[in-house]
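Inside the fold
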Amino acid sequence: MSIAIYPGSFDPVTNGHLDIIKRSSKMFDKLVIGVLSNNAKTPLFSVKERVNMLEEVTKSLSNVEIQMFEGLTVDFARNVGATVMVRGLRAISDFDYELQIAQTNHILLPGTDTVFLATSLEYAFLSSTTVKEVAYYGADISKFVPASVEEKIMSKFQDLKNKSTAKERVTDEQ
């Protein structure tokens, strides 16, 4: 059985991520999406929220599984029995970084290869960071993320703005 992992932060999952997930799920018997819990970053969504969003948008793909992981990607690959890591490339600038990571991973876990998939042109510009910035200002992100994810992003930003407004009121009253 061929097992591959597709690791990332997925904060939030975008249509570009889904493009890579759908295409790579056809290439392997099992695809495990690894949602990275990285304490060095401050994500918009918790790991559990990101896992839930991915489970929701991949439920039609029977050979896709979603798991959270911490630490090195090679350890995650070893734990799930994967021999392939899938990485999406949006631009040539991604390649330099991804190649270094792939070579390092190959040394750390011999026998594991990295497969690079070029993102479909319609998503080549898309990143989770871009989606969050556009959403923060209330612009339409419906072409960038699945509808269920769009609702969660807009709700999250509305909650953050409400908390900020409440905090400002408390500060003004003091």
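See the structure above.
What follows is about the overall build of the chain. When helices and strands are tallied, the chain shows 6 helices and 5 strands. Ordering the α and β elements of the chain from the N terminus gives β-α-β-α-β-α-β-α-β-α-α. For the chain, the spread of C-alpha atoms along the principal axes amounts to about 60 × 30 × 30 Å. Split into buried and exposed, the 174 residues of the chain put 43% on the buried side. When contacts within the chain are restricted to residue pairs at least 6 apart in sequence, long-range pairs at least 24 apart make up 75% of them.

Before going further, it helps to examine helix α5 (residues 128-136). Buried within α5 are the following residues: Ser128, Val131 and Ala135. Buried residues of α5, viewed axially, fall in a sector of 60°; they line one side. With respect to the buried face of α5, the exposed residues turned more than 90 degrees away are Thr129 and Glu133. Where α5 terminates, the next one or two residues include Gly138, which has phi positive at roughly 80°.

Attention shifts here to helix α4 (residues 92-108). Here α4 contains 17 residues, and its C-alpha end-to-end distance of 25 Å stays within 8% of the 24 Å for a straight helix at 1.5 Å per residue. Buried within α4 are the following residues: Asp94, Glu98, Ala102 and Asn105. Structurally, α4 contributes buried residues whose contacts are with α3 (73-80), β4 (84-89) and β5 (113-118).

A word on the sheet that holds strand β1 (residues 3-8). What the 5 strands build is an open sheet, ordered β3-β2-β1-β4-β5; its pairing is parallel. Of all strands in the sheet, those with a lone pairing partner are β3 (64-69) and β5, marking the two edges. If you compare each strand with its neighbour and ignore which way they point, the axes differ by 30° on average. Sheet topology note: the strand β2 (residues 30-36)/β3 ladder contains 6 bridges and is parallel. Each residue of the ladder has a partner; that of Ile33, found in β3, is Ile66. Against the sheet, helix α1 (residues 15-25) touches β1, β2, β3, β4 and β5, its axis set at about 120° to β5. Strands β2 and β3 of the sheet are contacted by helix α2 (residues 47-57), whose axis makes an angle of about 150° with β2.

Here we come to the pattern of salt bridges. Two side chains bearing opposite charge may form a pair once their charged atoms approach each other closely. If you walk through the whole model with that rule in mind, you get 8 salt bridges. As a salt-bridge pair, Glu56 and Lys152 come within 3.4 Å of each other at their nearest N and O atoms. Of this pair, Glu56 sits in helix α2 while Lys152 sits in helix α6 (residues 147-173), and the two are 96 residues apart along the sequence.

Our focus in this paragraph is the environment of Ile107. Assignment of secondary structure puts Ile107 in helix α4. On the basis of relative accessible area, Ile107 is assigned to the exposed category, the value being 66%. With 33 residues separating them along the chain, Ile107 and Val74 place their C-alpha atoms 9.8 Å apart.

Here the focus is unusual backbone geometry. A negative phi holds for most residues other than glycine; trans holds for most peptide bonds. Cis rather than trans, the peptide bond between Asp11 and Pro12 has omega equal to 0°. Within the secondary structure layout, Pro12 lies in the loop between β1 and α1. Phi is positive for Phe10, which is not a glycine, with a value near 50°.

So, how was this worked out
- Residues numbered from 1 in each chain as written.
- Predicted model: local features only at pLDDT ≥ 70, side-chain atom pairs only at ≥ 80, totals over all residues.
- Heavy atoms only, no water.
- Helix = DSSP H or I, 4+ residues; strand = E, 2+ residues; numbered from the N terminus.
- Buried < 20%, exposed > 50% of the residue type's maximum accessible area, 1.4 Å probe, protein only.
- Contact = heavy atoms within 4.5 Å.
- Arc of directions from axis to C-beta.
- Expected span 1.5 Å × (residues − 1).
- Pairing = 2+ DSSP bridges.
- Axes fitted to C-alpha atoms, helices over the stretch in contact; angles between N-to-C directions.
- Salt bridge = Lys/Arg side-chain N within 4 Å of Asp/Glu carboxyl O.

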